[in-house]
Amino acid sequence: EKEGDIAIKRLINSGLQGTSVTRALIGSRTYARPWVRYEILKSFKRGNYILAVHINSITGKNRLTRPFGPDPLSFVGVTFSDSGLTATLHEKINGEWEEYSEIDGGASYRLDDPVAAEYRGRGYNLARLFPTYDWVTDDGYNNFASWVD
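Figured I'd write up the structure that's included with this text.

Here is what the cut-offs are and how they apply
Residues numbered from 1 in each chain as written. Predicted model: local features only at pLDDT ≥ 70, side-chain atom pairs only at ≥ 80, totals over all residues. Heavy atoms only, no water. Patch = residues over 30% accessible without salt bridge, like charges linked within 9 Å, V, L, I, M, F, W, Y side chains within 5 Å. Areas by Shrake-Rupley, 256 points an atom, 1.4 Å probe, with all protein chains shown as cover. Salt bridge = Lys/Arg side-chain N within 4 Å of Asp/Glu carboxyl O. Helix = DSSP H or I, 4+ residues; strand = E, 2+ residues; numbered from the N terminus. Buried < 20%, exposed > 50% of the residue type's maximum accessible area, 1.4 Å probe, protein only.

### Considerations on a nonpolar patch on the surface
Okay, step 1: Residues Leu25, Ile55, Ile58 and Val136 make up a contiguous nonpolar surface patch of roughly 300 Å² in combined accessible area.
Okay, step 2: When you line up the elements, valine 136 lands in the loop between strand E8 (132-134) and helix H3 (140-148).
Okay, step 3: Assessed through its relative accessible area of 46%, valine 136 is described here as partly exposed.

### Here's the deal with the pattern of salt bridges
If the charged atoms of two oppositely charged side chains come close together, the side chains can form a pair.
Okay, step 1: Following the criterion strictly, the structure yields four salt bridges and no others.
Okay, step 2: A salt bridge links glutamate 102 to lysine 9, with the shortest nitrogen-to-oxygen separation between them at 3.1 Å. Within this pair, whereas glutamate 102 is found in the loop between strand E5 (96-99) and strand E6 (108-110), its partner lysine 9 is found in helix H1 (residues 5-16), the two being separated by 93 residues in sequence.
Okay, step 3: Given the relative accessible area of 18%, lysine 9 is considered buried.
Okay, step 4: Among the ionic pairs, lysine 42 bridges to aspartate 104, the shortest N-O distance being 3.6 Å. Of this pair, lysine 42 sits in helix H2 (residues 34-46) while aspartate 104 sits in the loop between E5 and E6, and the two are 62 residues apart along the sequence.
Okay, step 5: Owing to a relative accessible area of 58%, aspartate 104 belongs among the exposed residues under this scheme.

### Examining the environment of glycine 140
Okay, step 1: Summarising the element assignment, glycine 140 is placed in helix H3.
Okay, step 2: Distance from glycine 140 to phenylalanine 68, taken between C-alpha atoms, is 16 Å for residues 72 residues apart in sequence.

What follows is the structure, encoded as structure tokens:
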């Protein structure tokens, strides 16, 4: 953080190189963190499969759990053009959807392949496109590999 936003973006971008899956660990305030939103939307733009995992149900050293936080995938989204050739990224701020231009300087970008007809001309929060799990309830220890398949 001492080096500024550009350094953080470079760190996230380099961490995403060579990946095809992005896992977002959800705590109480994860949804509001700007760099979490950046990483999720950057992952979406590069075509990664995204899954979110609630971790507050895991007991800590004090044998307590923390309150569940909102799903960050519900606070970021995409709108596809009528032609299916472009996408525009969005984030929800104070209950309103706004274009997200922190990635490559613009919210809209051209897709390599057009999206399926059913998605064209529509907007989605990413929670509608990708799954969210709870580590304890959904038995992440035994089921994690199947979540990624």
